[in-house]
Amino acid sequence: MKPVHALLMLLLLFATACLAEEADPWAERRQGMVGLIEKNVRATRQYIDKGSLDEQVMRAMAEVPRHLYVPASVRDAAYENRPLPIGYGQTISQPYIVALMTDLLEVRPGDKILEVGTGSGYQAAVLAHLGAEVYTLEIVAPLAAEAKEKFASLPEGQKVTSRVGDGYYGWEEHAPFRGIIVTAAASHVPPPLLDQLEHGGKMIIPVGSGFQTQQLLLLGKDQQGGLTSRVVLPVAFVPLTGGPAP
Amino acid sequence: MSGRPPFLSVALVSAALLAYEICLMHLFAVIHFHHFAYMVISLALLGYGASGSALALGQGWLCARHRLFYPLLLALLAITAPLCFWLGQEVPFNGLELFWDWHQGLYLAALFLLFMVPFFCGALAIGLALTVYRQQVGRVYGWDLLGAGAGCLAVLALLWRVAPTSLLTAVAALGLAAASVAAFELGLRQRRLVACCSLLAVALVAVAGVLLPLKPSPYKPLQQALQVAGTEVEKELSSPFGVLTVVDSPLVPFRHAPGLSLAARSEPLPQKAVFTNGDGLTAITRAAQRREQLLYLDQMTSALPYHLQPPGKVLLLGLGGGQDVLQARYHRIPAITAVELNPQLVELLRDDYGAYSGGLLAGDDLKVHIGELRDVLRQRGERFDLIQLALVDSFLPSAAGLYALRENYLYTVEAMDDYLNHLTPGGMVAISRWLKNPPRDSLKLTATAVAALRKQGVDRPGEHLVLIRGWQTTTLVVTREPLGEGARGRLEDFCRQRLFDIVYAPGVEEGWANRYNVLAQPTLADGVRALLGSDGEAFIAGYKFDIAPASDNRPYFHHFFKWSSLAEVLRLRASGGAALMESGYLILVAVFAVAVPAALLLIVAPLLLLPREAGEGVAAAGSRLRSAVYFFATGLAFMLIEIATIQKAMPILHHPVYAVSVVIAAFLLFAGIGSTLSAPLAARLRPEMLLRLAVAMIILCGSLVATLGAPAAALLPQLGLAARAGLTVLAIAPLALFMGMPFPLGLSRLPPGAAGPWAWGINGCASVLGSMTATLVAIHYGFNVVLALALMLYVLVAASFPVDAGDDRRQAAALSDPAAGPGPG
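Per chain, residue numbering runs from 1 following the sequence as it is written. Whichever chain is written first is A, and whichever ligand is written first is 1; the rest continue in order. Given that this is a predicted model, residues contribute local features only at a pLDDT of at least 70 and side-chain atom pairs are listed and counted only at 80 or more, while totals for whole chains, interfaces and linings are drawn from all residues. Side-chain descriptors were evaluated using all non-hydrogen atoms of the structure, hydrogens and water having been removed beforehand.

Peer 1: Quick question: what am I supposed to make of the overall build of chain A here?
Peer 2: Looking only at helices and strands, one finds 8 helices and 9 strands in chain A. Put simply, chain A has 246 residues, and 54% of those count as buried. Considering only intrachain contacts with a sequence separation of at least 6, the fraction spanning at least 24 residues in chain A is 55%. Accessible surface, chain A: about 10400 Å² in total, of which carbon and sulfur atoms supply 57%. Secondary structure elements follow DSSP: runs of H or I of four or more residues count as helices, runs of E of two or more count as strands, with numbering from the N terminus. Each residue is assigned to one of three classes by its accessible area relative to the maximum for its type, calculated with a 1.4 Å probe on protein chains only: buried under 20%, partly exposed between the two thresholds, exposed over 50%. By definition in these notes, contact holds between two residues if any of their heavy atoms fall within 4.5 Å. Note on areas: these come from Shrake-Rupley sampling with a 1.4 Å probe, and a residue is covered only by the protein chains present in the view.

Following this line, the structure appears as structure tokens:
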């Protein structure tokens, strides 16, 4: 290789690196967020029965541009490990909780997933990034419209079908679903949603306020249609003295 | 200064300030959550302290121009009171984000500084009057207290009639009325102009009040419900209990069925939602056509007692939207009694929504009592087969630990004892609560039930307890007789069909505890067994939340915070542990931590900034430290006694609104009379003698209040509310009368100059710290200790009475003779 060619190659590499950086200046922050999630998962391993989350889930967390799903006013905090306000009294969950819920659903490519409570659209995007066919309902019309717009413009949104509607009755025409995620506050688990969960499927419901998830309710429907329910605490806290956090 | 002090305007401005404080508490409860109101307003009241400092620093200049500044400050109070509230609504504070976003701390600081302005203006005006007319300080202070007492009663009466926003206009009107009256009292030449401007300003504020609506936090459940298309507010009612809002959502009906079994297949009937202060959702259910439509009500943990031992006579606490009544009717209970604190809720159900609910309150099987549960139990002396308390608190504040500072007399050992005493031989108490993980409420409730059963002489309390849990709620059943074999079988059937776990029941195998809603560790079940074992006390001591039973003396059921857990909880905040934060208590501590240095600064600053002569003036009355201790102890002790007496009055008046209004009004009115009497009495006795007499009487009367409160409560239940309120006022009168004397007596000993305003500021700071100290001490040691501490502080008051450089009798004469003595003006 002539020196001039080598120089040109180096210049090209430099330009590519600059362009890549310009294309996604948020990548480093996103990696930082993923690091925090991994740390939290390690700390809570005895509660969630695993020392690490599924690799695909972590990859999705590392690739879905969370900053595009939050309002511009809080964009700078998009990759902090905390819930953020998204307007209309709604929040986007803490990334750690999003990752944990996604992992607990055990999504495989091609699975049909129903989401009740689209919110920012971020959770649906993460699920779609995993290859799921996502159907999402939002009861607050302006939020649903904003999310729909994002889905149309972003690659992971192409696998998301959204509409405004009452999540209580699910989405009958696309049922049954392999997984259902209910992020909208509910005083109870709507019976129609349980009916739309396919045998062997899973449903997850975070319990608590938008700014503090107290526990995750993980429902499973076995092959005979029987229900199992597991309560997952997202925190490593032993309430007895002498029981330190691992 | 000779001349008649502006008594009436002092009373009016004092009434306006107290009305503003209460009004803000209500408005903040509507737009935010109760505890943020507490936080902002407590700190804003430091405006009293700041006014003292400002007056001490600029007293010469201000007093010389008091005829201009006094009415001007009153007008400023009137203008800034609504203005600061409307500006405050523009501050994007979100209390729920306080532990996530440091900006929220700045917003909070902005709010407290903003709300400090009206309190500063009003307090500065009163301080100015006290300084200018220091020869009649007892009477001026007396009018100040009388005005505050009247303001307290007036605002609570008004809250039944008008919305809190309209009260802002009333506060502005009071302030402007005070300014106009002051113009006449001071003989201003432009008094007619002032009166006309005031009228115009009131009209403007009223119009602005209509045009500028409230902006509640979008995170409040009411606001979130209103986001749904088609939802509309049908009715809104206001009272001292809060603002009731009835919401209909025809497109997406409300379906409130908390803790409904996962096995349930029936859908709740359409409902209308009733919110209290934008939270605390309760549902009015549309009339059922068939009994089966109410089947879902049998699919909740709260339905358990109806299956354990079918009751004939049921007492329900909290009528709410009537869901518990429907549940009882579903189980064909022939005699239902429901107790509801808020009469407006009863009116709503009976009148406005009687037809919608199918005449819910109309049946012969139902009696509704307006009042407090324990009061109704004691008054009526009836016995019931079942006393049911189902999800009395709303979910969000409960989950966030925001109820931590609220006294609650429903879940104390004495309350449980009352319930057990009013059961028929086979009767049960059933209490349903939101499930918290890691467990707190349910364990504390179990510990409370165990303590009450032991108090009843039950050797093996475990034979009398059943605790079940669904995925969201728990129900504890306490039985008067040991649980029988038949009931055990029915319990297992009930839980099996509904996928509920039996956390604990005598004779039921442990495998039931974590069968359906599986937890990694059955912490709740382990905890209940530990509580029932021989080392229950050790378990409570070692648990990372405070789960020791609450008592009437320490009625903080919702207080779970332990300092020993704080470091771990803070570390886990971002690791999924945000729900471990018991934020109510932390808010109190944070407010206290801000208030103490702020108060110290306000007290010390005048000393540092005053010219040497003024500093020497304070020294002439004894020593600066002595004066500071005296006025600080006076302010602190007054607040501690007032708050402890409200708690002592609760078992007599049984109603927080009545207890607060009767006690505060009685204290202020009689302390006002005491202050007015201090001058003529000091003229007859030596001021030291009068102070010692007052302190001795305070200690005697305070001790009587502490010791006789509970026995009196036991003797009085047969009397009507008016008689009980009258007796409470009579009991408070002598105590409050003497408590009104130390402050003016102390002021009269101070020389002219900056010392008086400085003392006014110290007293203001101490009062603010007093309300927080009372809550903190009560949470940890109980109200008896609060009262004891206050009485000890009065001993300190007696010991630190400012030394008079001159003749006491001359001072006493100066107190009563408007023409005697030099004045700063």
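Peer 1: What is the right way to look at the overall build of chain B in this model?
Peer 2: Helix and strand content of chain B: 30 helices and 13 strands. Note on method: radius of gyration uses C-alpha positions; expected globular size equals 2.2 Å times residues raised to 0.38. Against the globule reference of 28 Å for 825 residues, chain B gives a C-alpha radius of gyration of 28 Å, in line with a compact fold. Projecting the C-alpha coordinates of chain B onto the three principal axes gives extents of approximately 85 × 55 × 55 Å. Within chain B, the proportion of its 825 residues that are buried is 64%. Restricting the contact set of chain B to residue pairs at least 6 apart, pairs at least 24 apart contribute 78%.

Peer 1: Teacher, can you tell me more about the environment of Leu445(B) here?
Peer 2: Residue and element names in this part refer to chain B. Its place among the elements puts Leu445 in helix α16 (residues 441-455). Residues Leu445 and Ile587 lie 142 residues apart in sequence; the distance between their C-alpha atoms is 24 Å. Those residues in contact with Leu445, other than ones at most four positions away along the chain, are Tyr411, Met416, Ile431, Arg433, Leu476 and Phe557.

Peer 1: Help me understand the sheet that holds strand β4 (residues 133-138) of chain A, please; the structure alone is not making it clear to me.
Peer 2: Through backbone hydrogen bonds, the strands of a sheet pair up, either in parallel or in antiparallel fashion. A pair of strands is labelled paired if DSSP reports no fewer than 2 bridges between them. As summarised here, the arrangement of the 8 strands in space is β5(A)-β4(A)-β3(A)-β6(A)-β7(A)-β8(A)-β9(A)-β13(B), forming an open sheet in which the pairing is mixed. Two strands bound the open sheet, and with one partner strand each, they are β5 (160-164) of chain A together with β13 (517-519) of chain B. Direction aside, the axes of adjacent strands within the sheet are offset by 20° on average. Here 5 bridges tie β4(A) to β5(A), and the two strands are oriented parallel to one another. Bridge pairing in β5(A) links Thr136(A) to Ser162(A). Against the sheet, helix α5 (residues 95-105) of chain A contacts β3 (112-116), β6 (177-182), β7 (197-209), β8 (212-221) and β9 (227-232) of chain A, and its axis sits at roughly 160° relative to β7(A). Where helices are involved, their axes are fitted lines through C-alpha atoms of the stretch in contact, as for all axes, and angles between N-to-C directions lie from 0 to 180°. This element, helix α6 (residues 122-129) of chain A, spans β3, β4, β5 and β6 of chain A of the sheet and lies at about 170° to β4(A).

Peer 1: Just to check I follow, could you spell out the nonpolar core for this structure?
Peer 2: Among soluble globular proteins, nonpolar side chains are generally buried collectively. Put simply, a nonpolar core is a bunch of buried Ala, Val, Leu, Ile, Met, Phe, Trp, Tyr and Cys residues held in one set by side-chain atoms that sit within 4.5 Å of each other. Counting residues in hydrophobic clusters, the biggest one holds 224 residues, and the most contacted among them are Tyr20(B), Phe115(B), Leu373(B), Tyr419(B) and Ile641(B). For Leu373(B), the contacting residues outside a window of four places in its chain are Leu315(B), Leu317(B), Val339(B), Ile387(B), Leu389(B), Leu410(B) and Tyr419(B). Membership of the second largest hydrophobic core comes to 74 residues, among which are Trp171(A), Ala264(B), Leu297(B) and Leu499(B).

Peer 1: Got a minute to help me understand the interface of chain A and chain B in this structure?
Peer 2: By a frequent convention, interface size equals the accessible area lost on bringing the separate parts together. Tallying the contact residues gives 52 residues for chain A and 56 residues for chain B. Counting the surface lost from both chain A and chain B, the interface buries some 4700 Å², and carbon and sulfur atoms represent 61% of this. The rule for a salt bridge is simple: a side-chain nitrogen of Lys or Arg has to be within 4 Å of a carboxyl oxygen of Asp or Glu. Our enumeration of links across chain A and chain B arrives at 3 salt bridges. Arg82(A) is the partner of Glu97(B) in a salt bridge, and the nearest nitrogen-oxygen pair spans 2.7 Å. N or O atoms within 3.5 Å of each other form a polar contact, as long as, within protein, one can give a hydrogen and the other can take it, and as long as residues adjacent in sequence are counted only when both atoms are side-chain atoms. Applying the counting criterion to the chain A and chain B interface returns 11 residue pairs in polar contact (both at pLDDT 80 or more). Contributions of two or more residues to the side of chain A that touches chain B are made by α3 (45-48), β2 (90-92), α8 (191-195), β7, β8 and β9 of chain A. Take the side of chain A that touches chain B: its biggest share by element is 6 residues, from β8(A). Of the residues belonging to the side of chain A that touches chain B, the class tally is 28 nonpolar, 20 polar and 4 charged. Bridge analysis of β9(A) against β13(B) gives 3 bridges, and the strand direction is parallel. Residue Arg230(A) lies in a different strand from β13(B), and its bridge partner there is Val518(B). The term buried area refers to how much accessible surface (probe radius 1.4 Å) is lost by two components on association, counted for both of them together. Asp, Glu, Lys and Arg are counted as charged, while Ala, Val, Leu, Ile, Met, Phe, Trp, Tyr, Cys and Pro are counted as nonpolar; the rest, among them Gly, fall into the polar class.

Peer 1: Hey, could you run me through the sheet that holds strand β4 (residues 279-285) of chain B in this one?
Peer 2: Residue and element names in this part refer to chain B. Strand order in the open sheet made by the 4 strands is β1-β2-β3-β4, with antiparallel pairing throughout. Each of the sheet's edge strands pairs with one partner strand only, and the pair in question is β1 (232-239) and β4. For this sheet, the mean inter-axis angle between neighbouring strands, taken without regard to orientation, is 20°. Two strands pair when backbone bridges link them, and β1 and strand β2 (residues 242-248) are joined in this way by 7 bridges, in the antiparallel orientation.

Peer 1: How should I be thinking about the pattern of salt bridges in this particular structure?
Peer 2: Oppositely charged side chains can pair when the atoms bearing their charge come close. Enumeration according to the criterion identifies 31 salt bridges over all chains in this entry. The partner of Arg374(B) in a salt bridge is Asp418(B), and the shortest N-O contact between them spans 3.1 Å. Residue Arg374(B) is located in helix α13 (residues 373-380), and its partner Asp418(B) is located in helix α15 (residues 413-421); the two are separated by 44 residues in the primary sequence. Of the two residues, Arg374(B) and Asp418(B), neither departs from the other in class, the shared state being buried. Here Arg469(B) and Asp501(B) are joined by a salt bridge, their closest N and O atoms 3.7 Å apart. Placement of the pair is Arg469(B) in strand β10 (residues 465-469) and Asp501(B) in strand β12 (residues 501-504), with a sequence separation of 32 residues. For the pair shown, Arg469(B) and Asp501(B) are each scored as buried. A single network of salt bridges, built from pairs that share partners, joins Glu80(A), Arg82(A) and Glu97(B).

Peer 1: For this particular structure, what's the right way to read helix α4 (residues 55-63) of chain A?
Peer 2: Residue pairs three or four apart in sequence face the same way in an α-helix, which turns once every 3.6 residues. Residues and elements named next belong to chain A. When α4 is considered as a whole, its buried residues turn out to be Val57, Met58, Ala60, Met61 and Ala62. Looking at the buried residues of α4, the elements they touch are α2 (27-43), α5 and α6. Here α4 starts with a cap whose side-chain oxygen sits 2.9 Å from the backbone nitrogen of Gln56, and that cap is Asp54.

Peer 1: What is the right way to look at a nonpolar patch on the surface in this model?
Peer 2: A residue counts toward a patch only above 30% relative accessible area and without a salt bridge, and it is joined to like-charged neighbours within 9 Å or, for Val, Leu, Ile, Met, Phe, Trp and Tyr, to nonpolar neighbours within 5 Å. Taken together, the side chains of Leu57(B), Val604(B), Leu608(B) and Leu609(B) present a nonpolar region at the surface, about 400 Å² in accessible area. Overall, Leu609(B) belongs to the exposed group, its relative accessible area being 59%.

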